[in-house]
Amino acid sequence: QGCPCTVSVSVLDGRSLLLSPCLSETPEARVLERAVLESRVREMEEENRQIRLQLNQLQGTAGQPADGGNYGNAAWGASADTGPEDVENTAEERANHTECPRSPTVLKCELIHVACVCAGHNASRDVVTLVKSILFHRRNPLHFHFITDAVANQILSSLFQSWMVPSVQVSFYDADELKSEVSWIPNKHYSGIYGLMKLTLTKALPSDLTKVIVLDTDITFATDIAELWAIFRKFTDKQVIGLVENQSDWYLGNLWKNHKPWPALGRGFNTGVILLYLERLRRIGWEQMWRLTAERELMSMLSTSLADQDIFNAFIKQNPVLVHQLPCFWNVQLSDHTRSEQCYTEVSDLKVIHWNSPKKLRVKNKHVEFFRNLYLTFLEYDGNLLRRELFGCPSQATSESVRLQGALEELDEDDQCYDFRRERITVHRVHLYFLQYEYTPAGDDTDVTLVAQLSMDRLQMLEAICKHWEGPISLALYMSDAEAQQFLRYAQASEVLKNRKNVGYHIVYKEGQFYPVNLVRNVALRNANTPYVFLADVDFLPMYGLYDYLRKSVVQLDMAHTKKALVVPAFETLRYRLSFPKSKAELLSMLDMGTLYTFRYHVWTKGHAPTNYAKWRTATTPYKVEWEADFEPYVVVKRDCPEYDQRFVGFGWNKVSHIMELDAQEYDLMVLPNAFMIHMPHAPSFDISKFRSSPGYRYCLQTLKEEFHQDLSRKYGAAALKYLTAQRNI
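- If you look the chain up in an unreviewed UniProt entry, it shows as LARGE xylosyl- and glucuronyltransferase 2 from Hucho hucho.
- Looking at the chain in UniProt, the text filed under Pathway (unreviewed entry) is "Protein modification; protein glycosylation."
- Here is the UniProt Subcellular location (unreviewed entry) comment for the chain, exactly as written: "Golgi apparatus membrane".

1. Brief notes about the sheet that holds strand S7 (residues 219–221)
In step 1: Across the sheet, three strands lie side by side as S7-S12-S11; this open sheet has mixed pairing. Only two strands of the sheet have a single neighbouring strand rather than two, namely S7 and strand S11 (332–333).
In step 2: Pairing analysis gives two bridges linking S11 to strand S12 (residues 352–354), with the strands arranged parallel. Residue pairing in the sheet places Val332 in a bridge with Ile353 of S12.

2. Details of the environment of Gly594
In step 1: Tracing the sequence through the fold places Gly594 in the loop between helix H19 (584–593) and strand S21 (597–598).
In step 2: Taking relative accessible area as the criterion, Gly594 reaches 27% and is therefore assigned partly exposed.
In step 3: Taking the C-alpha atoms as reference, Gly594 lies 9.9 Å from Leu574; in sequence the two are 20 residues apart.

3. Quick word on the nonpolar core
In step 1: Among the nonpolar cores identified, the biggest contains 117 residues, and Phe487 and Phe534 are the most heavily contacted of them.
In step 2: Residues in contact with Phe487, not counting those within four places in the same chain, are Phe434, Leu435, Met456, Leu459, Leu462, Leu477, Met479, Tyr505 and Ile507.
In step 3: If you look at the next biggest cluster of nonpolar residues, it comprises 62 residues, including Ile112, Phe146, Leu326 and Tyr344.

4. A word on the packing of helix H3 (residues 120–137) against helix H11 (residues 368–379)
In step 1: H11 packs onto H3 with a crossing angle of 95° between their chain directions and a minimal axis gap of 8 Å. Here H11 runs roughly perpendicular to H3, going by the angle between their axes. Side by side, H3 and H11 meet where Asp126, Thr129, Lys132, Ser133, Phe136 and His137 of the first sit next to Tyr375, Phe378 and Leu379 of the second.
In step 2: Grouping the amino acids of the contact of H3 with H11 by side-chain chemistry returns four nonpolar, three polar and two charged.

5. Structural notes on the pairing of strand S24 (residues 668–671)
In step 1: When strand S19 (residues 564–568) meets S24, the two strands line up parallel, connected through four bridges. When the bridges of S24 are listed, Ala565 appears paired with Leu669.
In step 2: Where strand S22 (residues 623–625) lies against S24, three bridges are found, and the strand directions are antiparallel. Bridge pairing in S24 places Tyr623 opposite Val671.

6. Overview of the state of the cysteines
In step 1: In total, this model carries two disulfides according to the counting rule given.
In step 2: With a sulfur-sulfur separation of 2.1 Å, Cys109 is cross-linked through a disulfide to Cys393. The sign of the -100° torsion about the S-S bond sets the Cys109-Cys393 disulfide as left-handed. Taken together, the positions of Cys109 in the loop between helix H2 (91–95) and strand S3 (112–118) and Cys393 in the loop between H11 and helix H12 (399–410) put the pair 284 residues apart, joining distant regions of the chain.

7. Digging into the confidence of the model for the chain
For residues with low pLDDT, the predicted coordinates do not support detailed interpretation.
In step 1: With 81% of its residues at a pLDDT of at least 70, the chain reaches an overall mean of 84.
In step 2: Residue range residues 1–25 is modelled with pLDDT below 50. Its contacts to residues more than four positions away, or to other chains, number 70 contacts.
In step 3: Below a pLDDT of 50 lies the segment residues 58–99, which in the model reaches 60 contacts outside its immediate sequence neighbourhood of four places, other chains included.

8. Topic: the pairing of strand S9 (residues 269–276)
In step 1: For S9, a buried count of eight out of eight residues is recorded, marking the element as mostly surrounded by other parts of the structure.
In step 2: Examined bridge by bridge, strand S6 (residues 212–215) and S9 share four bridges and lie antiparallel to one another. Residue pairing in the sheet places Val212 in a bridge with Leu276 of S9.
In step 3: With four bridges joining them, strand S8 (residues 241–245) and S9 adopt antiparallel strand pairing. By the bridge assignment for S9, Glu245 is matched with Phe269.

What counts and how
- The residue numbers shown here count from 1 along each chain, following its written sequence.
- For a predicted model such as this one, the threshold for reporting local features is a pLDDT of at least 70, and the threshold for listing and counting side-chain atom pairs is 80 or more; totals across whole chains, interfaces and linings nevertheless cover every residue.
- Hydrogens and water molecules were not included; the side-chain quantities draw on all heavy atoms of the structure.
- UniProt positions are given in the numbering used here, feature names are shortened, and annotations may be inferred rather than shown by experiment.
- Paired strands, in this sense, are two strands between which DSSP finds at least two bridges.
- Strands here are runs of E lasting at least two residues and helices are runs of H or I lasting at least four, both read from the DSSP assignment and numbered beginning at the N terminus.
- Only protein chains enter the accessibility calculation, which uses a 1.4 Å probe. A residue is then buried if its area is under 20% of the maximum for its type, exposed if over 50%, and partly exposed in between.
- Throughout, nonpolar core names a set of buried Ala, Val, Leu, Ile, Met, Phe, Trp, Tyr and Cys residues whose side chains join them through atoms within 4.5 Å.
- Contacts: residue pairs with any heavy atoms within 4.5 Å of one another.
- Every axis in this analysis is a line fitted to C-alpha atoms, fitted for helices over the stretch in contact. Angles between the N-to-C directions lie between 0 and 180 degrees.
- When an angle is under 35 degrees it counts as roughly parallel; over 145 it counts as roughly antiparallel; between 65 and 115 it counts as roughly perpendicular; any other value is oblique.
- Any residue outside Ala, Val, Leu, Ile, Met, Phe, Trp, Tyr, Cys, Pro, Asp, Glu, Lys and Arg is labelled polar, Gly included; the first ten of those are nonpolar and the last four are charged.
- Criterion for a disulfide: a pair of cysteine sulfur atoms at a distance within 2.5 Å.
- Scored from 0 to 100, pLDDT reflects the predictor's confidence in each residue.

Below you can see the structure in the form of structure tokens.
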């Protein structure tokens, strides 16, 4: 099949990290194996970083490379078509040289193009793991081309924009515009119409793009993708497609009685990994050729069973000279009953793993534990570590990266509050709609979304909130990559969460030492899809029926034509088990008995005192209250309300500042007479502990408050002076 090369993470001094398989059958050994694998990956990441740092410093004084190459000045997007068929190995490559025969090389800084069809929420998650595995090993600039539906476009464009990986370009193409090209083909495969779209790439991708690697979303790379890109140079003049042989018996037609597959050359080819020579395909009239093939075969086959793969194979059967067969380690197919184990003598020979069974990680293969561990390593790998610059390939600065660099340079590292200010300009990766989301807007423009943020330690609240609030919910979750996967497993195992499709879960990935609470809140707020939002906290359970009550209140108080913030009075219990009140009368009874309290009555009365709980007890109609210092109620407002101020991180003033700005914009604060929410007890957060124990933390919070007041004064003029006066009178 070719010269086997180990799965390795190459480093610049010529060594590599060998991920040896541990094929023990005991669960303890598997856990240990995975821990060792993760540990080794992290160690090598740090070592790579240190080596690159040292080499960058050396490069500043060393001048031209020792071998006289011009790599430092190579064009960012140099094309393989314009380079020589082979170039001299660099000293770095010679140090990494194995006993394998020399293979075609890829120019340093040559731009590699990768295309992928991606539709829906689940495929968008899969793409991230694929991209991580590519980025982990790569040493070349990359350009990803995504053919997406509207859902995947929104998710992936937001993710890549916030990921800000150097030397990575991303382009999106609307799958809806391509549907008419393939919608006439009946397809039984679970991928649906999107499983046929790889046929349209010569039309979908830019006409000046000469070649591209096409990948399914369920692929994991175990080597540098440049090795695969280099195979284009092995193509003969006539070859236009590079594919790995299919490793199942599907196209042999002997799987069951009367099994009649589409025509194929021998065992056929698998289209999970394709090298497409687009320029040549256009020249030979690919679009017309595949259409004629499909039309001819559909007369007898009636539909495709394996989507585009059937049509590619029928085309190749008629035109075998056009295919370049890739060694099978470039697409080790892990579906049941395949010959995948014949692709390698050691599992460390693998280059690309393809989870092409509907069973995915539960597939039968004697080495599946090793493959699963490799996949899970990238699944949970910290994507922030992949933001590294490519050594010797300077990336093109974006306007956003230039702006951020300028903001960073303006900060004073000697400032006692430098870390707080640094957090404000940190760009966190954001993965919107992490789980399936379906929402149909209400026709009457009164719909309200509950908006909240949470971290891993509050997951247990989600089921209860879903039981109390049947309306749409927008949740932003502050998590690491590994925690996001734990959350995914939790949500998929929960009958309550599984059955709720109108909850948008948005992951904000952890970075830095503070909890960027207002940034996380803003992610949830921006992605609410209703005219109104209920700005809550995840520790609160809304009263039963609050969703319908708020929608009626929106109409009653003419929210569409006035500036109002509807206050939902907040209470709390110190008991972990609570018989939740079913009415206001029941709540008042529990308040009198001492089972419930007004929120923060014991520790921070000012936060909710202006709600005027004494008046609320007997109120039957909404009543207006005035803003007071440190007031932080939970409110219902229009979705286009001011966002939260992101300078406030961790504990302190994150909601107070928001209510202050609502007041500055002349929102009327109206307390709802028959609404309530109850705070459930939990352990103190890490940030409140820091606030209580650190004088420096409190000093910086005070400094940020003063700067916020100054900004309010500049923004709203004399009207904002009352906030400064109120603060001084405290």
